[in-house]
Amino acid sequence: GKWYFVDTNGYRVSNRWMKDSKGWCYLGSDGAMVTSNWIKDGGKWYYFNANGYMAVNCLVYDSNGPVYLGSDGTMVYSRWVQSNGKWYYIGANGYAVKNIWMRDSIGWVYYGSDYYMLTNSWCKDSKGWCFVGADGYAVTNCWKKDSHGWIWLDSNGSMTYSKWINDGGKWYYVDSTGYMLANTSKYIGNKTYHFNASGVCTNP
């Protein structure tokens, strides 16, 4: 059923905001409480949940993706928001971004296909594979191990291929697959190099 409100004269109220102890509601042109729908008022959009109350401080999805409604119920723009323990970035169009790197004063973070900032995850973009840590920032200039071996992540956070790595004054080499050589010898350039179990080149 639908909810309506009648004034002291017994007339049905329409096109009006109403507030009770649970929050704000809106009565549409037919006087019925708006539910599970958007309305535009004063040039701003608001969403009313299945119970008819204005959504605040939460994500709401429409056909274009998620938007975030602030404490006043209006859409926010160009800012970070947190919802259910996950971070999102809302773009200038009011929608959460996805499949994109973004940078702040600390470093680079990645927003995946589900819109939220990834943590402790591998992600792939046009540059190749990268890894973001527990804080959500891209790991740079260090080794990272997966089930196949050790990988070097460069200053951009990208996986490195066919390259010498000087780490702590010792030389290592990552091959064309992106993994560190260890317990092997390899002809590189015009010389055969030997690598110990730790991957250190013993004849650089």
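Located above this text is the structure these notes cover.
A quick note: this is a predicted structure, and the numbers were derived from the prediction, not measured.

Asks: Can you help me understand the overall build of the protein chain in this one?
Replies: In terms of regular secondary structure, the protein chain is built from zero helices and 18 strands. Taken over C-alpha atoms, the radius of gyration comes to 27 Å for the protein chain, far larger than the 17 Å a tight globule of 204 residues would show. With the principal axes as the frame, the protein chain shows a C-alpha extent of 95 × 30 × 25 Å. Relative to its 204 residues, the protein chain shows a buried fraction of 42%. At a minimum sequence separation of 6, the contacts of the protein chain that also span at least 24 residues come to 28%. Here the protein chain displays about 12100 Å² of accessible surface, and carbon together with sulfur accounts for 47% of that area.

Asks: Any chance you could explain the pairing of strand E7 (residues 79-83) here in plain terms?
Replies: Looking along a regular strand, one sees side chains alternate from face to face of the sheet. Pairing of E7 with strand E8 (residues 86-90) involves five bridges; the strand directions are antiparallel. Residue pairing for E8: Gln82 is matched across the bridge by Trp87.

Asks: Before we go on, may I ask you to explain the environment of Tyr4 in this structure?
Replies: Turning to its location among the elements, Tyr4 is positioned in the segment before strand E1 (16-20). Taking the C-alpha atoms as reference points, Tyr4 and Gly31, 27 residues apart in sequence, are found 5.8 Å from one another. Once residues lying within four places of it in the same chain are set aside, the contact partners of Tyr4 are Arg12, Asp30, Gly31 and Ala32.

Asks: Can you walk me through the nonpolar core in this structure?
Replies: Inside soluble globular proteins, nonpolar side chains tend to come together where they are buried. One finds Leu59, Tyr68, Val76, Val81, Tyr88, Ile90, Ala96 and Tyr115 forming the largest nonpolar core, which totals eight residues. Excluding its chain neighbours within four sequence positions, the residues that come into contact with Val81 are Tyr68, Val76, Lys86, Trp87, Tyr88 and Ile90.

Asks: So what exactly am I meant to see when it comes to the side chain of Ser158 here?
Replies: Within the element layout of this structure, Ser158 appears in the loop between strand E14 (150-153) and strand E15 (163-167). Not counting residues up to four positions away in its chain, the partners in contact with Ser158 are Lys127, Trp129, Cys130, Trp152 and Leu153.

Asks: Would you take a moment to explain the packing of aromatic side chains for this structure?
Replies: The relation between two aromatic rings is expressed through the spacing of the ring centres and the mutual angle of the planes. All told, the structure shown has 18 aromatic pairs when counted by the stated rule. A ring pair is formed by Trp143 and Trp152, whose centres lie 5.1 Å apart and whose planes are at 70 degrees; its orientation type is edge-to-face. Looking at Trp143, the relative accessible area reads 18%, which means it is buried. Taken together through their ring pairs, the aromatic side chains of Trp17, Trp24, Tyr26, Tyr46 and Phe48 make up a single cluster. Positioned above the aromatic ring of Tyr116, the side-chain terminus of Lys86 is 4.2 Å from the ring centre.

Each value, and the rule that gives it
- Residues numbered from 1 in each chain as written.
- Predicted model: local features only at pLDDT ≥ 70, side-chain atom pairs only at ≥ 80, totals over all residues.
- Heavy atoms only, no water.
- Helix = DSSP H or I, 4+ residues; strand = E, 2+ residues; numbered from the N terminus.
- Rg over C-alpha atoms; globule rule 2.2 N^0.38 Å.
- Buried < 20%, exposed > 50% of the residue type's maximum accessible area, 1.4 Å probe, protein only.
- Contact = heavy atoms within 4.5 Å.
- Areas by Shrake-Rupley, 256 points an atom, 1.4 Å probe, with all protein chains shown as cover.
- Pairing = 2+ DSSP bridges.
- Core = buried A, V, L, I, M, F, W, Y, C linked by side-chain atoms within 4.5 Å.
- Phe/Tyr/Trp six-rings, centres within 6.5 Å; stacked < 30°, edge-to-face > 60°.
- Lys NZ or Arg CZ within 6 Å of the ring centre and 35° of its normal.

No statement about biological role is implied by the geometric values presented.
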